[in-house]
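The chain contents come next:
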Amino acid sequence: IDSPCPPLAVLCQPDRPAGRGQKLQIGPVKACAIDAGIQVLQPASLKASTDRATLAALSPDLIVTAAYGLLLPRAVLDLPREGCWNLHASLLPRWRGASPINQAILAGDRRTGMTLMQMDPGLDTGPILLSEATAIGPGENAGELHDRLSRMAGGPFD
């Protein structure tokens, strides 16, 4: 990763069985981190004091999550000097939670977007830092919208 401040670590959920043979598979985020030589942490949750201590030992300035799938406990939210940010695939406060893309399509929304928010103990309830809207194309399915929002998330917000 070409950055003046490369990540200290990548936090991923544990590897899970997948496919017909239910073989243990690593996710794309973990694979990318390994390829970049970044330390990977995979606690089942961050409720255990040993897992929080491992994270605290990194002394992070900022924790950023995207599609992590677990709530961060208050002890983790309080670790970094700059707090914890989350990249969420909806225009918050609409469609908080785990399936905002599907919810937007099922509701017939004409637009959605990406939101960068400061995390707090609630589920996608913290202050909004940045957001960018995009139209949902006629007939666009959840997979197509997911991929387009993912590309948006990687670029600069206007």
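Check the entry above for the structure.
First things first, this report covers the structure right here in the doc. (Residues numbered from 1 in each chain as written. Predicted model: local features only at pLDDT ≥ 70, side-chain atom pairs only at ≥ 80, totals over all residues. Heavy atoms only, no water.)

## Examining the overall build of the protein
Right, so step 1: Scanning the protein for helices and strands turns up five helices and eight strands.
Right, so step 2: Along the protein, helices (α) and strands (β) appear in the sequence β-β-β-α-β-α-β-α-β-α-β-β-α when read from the amino end.
Right, so step 3: Here the C-alpha atoms of the protein give a radius of gyration of 17 Å, agreeing with the 15 Å that 2.2 N^0.38 yields for 158 residues.
Right, so step 4: Expressed as lengths along the three principal axes of its C-alpha atoms, the size of the protein is roughly 45 × 40 × 30 Å.
Right, so step 5: Out of the 158 residues belonging to the protein, those deemed buried represent 29%.
Right, so step 6: Taking as baseline every contact in the protein between residues at least 6 positions apart, the subset at least 24 positions apart corresponds to 50%.
Right, so step 7: Working note: accessible area of the protein is about 9,700 Å², and carbon and sulfur atoms make up 56% of it.
Right, so step 8: Taken as two groups, the 14 positive and 15 negative side-chain charges of the protein have centres that lie 7 Å from each other. (Helix = DSSP H or I, 4+ residues; strand = E, 2+ residues; numbered from the N terminus. Rg over C-alpha atoms; globule rule 2.2 N^0.38 Å. Buried < 20%, exposed > 50% of the residue type's maximum accessible area, 1.4 Å probe, protein only. Contact = heavy atoms within 4.5 Å. Areas by Shrake-Rupley, 256 points an atom, 1.4 Å probe, with all protein chains shown as cover. Lys, Arg positive; Asp, Glu negative; His and termini not counted. Charge placed at Lys NZ, Arg CZ, Asp CG, Glu CD.)

## Notes on the sheet that holds strand E5 (residues 63-66)
Right, so step 1: As summarised here, the arrangement of the four strands in space is E5-E6-E7-E8, forming an open sheet in which the pairing is mixed. A strand with exactly one partner marks an edge of an open sheet, and here the two such strands are E5 and strand E8 (128-135). Averaged over all pairs of adjacent strands, the angle between their axes in this sheet comes to 15 degrees, without regard to strand direction. (Pairing = 2+ DSSP bridges. Axes fitted to C-alpha atoms, helices over the stretch in contact; angles between N-to-C directions.)

## Thoughts on helix H5 (residues 142-154)
Right, so step 1: Over its 13 residues, H5 runs 18 Å from end to end, which matches the ideal 18 Å to within 8%, given 1.5 Å per residue.
Right, so step 2: The complete set of buried residues in H5 reads Leu145, Leu149 and Met152. End-on, the buried residues of H5 take up no more than an arc of 55 degrees, which puts them together on one face. In H5, the exposed residues that point more than 90 degrees away from the buried face are Arg151 and Gly154. (Expected span 1.5 Å × (residues − 1). Arc of directions from axis to C-beta.)

## Section: the side chain of Thr65
Right, so step 1: If you trace the backbone, Thr65 turns up in strand E5.
Right, so step 2: When sequence neighbours within four positions are dropped, the list of residues in contact with Thr65 reads Leu72, Trp85, Asn86, Leu87 and Met119.

## A few points about unusual backbone geometry
Peptide bonds are, in most cases, trans, and in most cases residues other than glycine have a negative phi.
Right, so step 1: With omega at 15 degrees, the peptide bond leading from Leu92 into Pro93 counts as cis.
Right, so step 2: Along the polypeptide, Pro93 turns up in the loop between strand E6 (84-88) and helix H4 (100-106).
Right, so step 3: Phi at Ala67 takes a positive value of approximately 55 degrees, unusual for a residue other than glycine.
Right, so step 4: On the secondary structure map, Ala67 appears in the loop between E5 and helix H3 (74-77).
Right, so step 5: Using a relative accessible area of 79% as the deciding quantity, one classes Ala67 as exposed.

## With respect to the environment of Glu132
Right, so step 1: Here Glu132 is to be found in strand E8.
Right, so step 2: We classify Glu132 as partly exposed; its relative accessible area is 22%.
Right, so step 3: Each C-alpha atom, one on Glu132 and one on Lys47, is 33 Å from the other, the two residues being 85 residues apart in sequence.

## Section: the pattern of salt bridges
Right, so step 1: Scanning the entire structure with this criterion turns up six salt bridges.
Right, so step 2: Among the ionic pairs, Glu82 bridges to Arg81, the shortest N-O distance being 2.8 Å.
Right, so step 3: Glu82 gets classed as partly exposed once you look at its relative accessible area, which sits at 40%.
Right, so step 4: With its nearest N and O atoms 2.8 Å apart, the salt bridge here joins Arg94 to Asp109. Of this pair, Arg94 sits in the loop between E6 and H4 while Asp109 sits in the loop between H4 and strand E7 (111-118), and the two are 15 residues apart along the sequence.
Right, so step 5: Look at Asp109 and you get buried, because its relative accessible area is 16%.
Right, so step 6: Each of the salt bridges in this network shares a partner with another, and the network as a whole consists of Asp61, Arg81 and Glu82. (Salt bridge = Lys/Arg side-chain N within 4 Å of Asp/Glu carboxyl O.)

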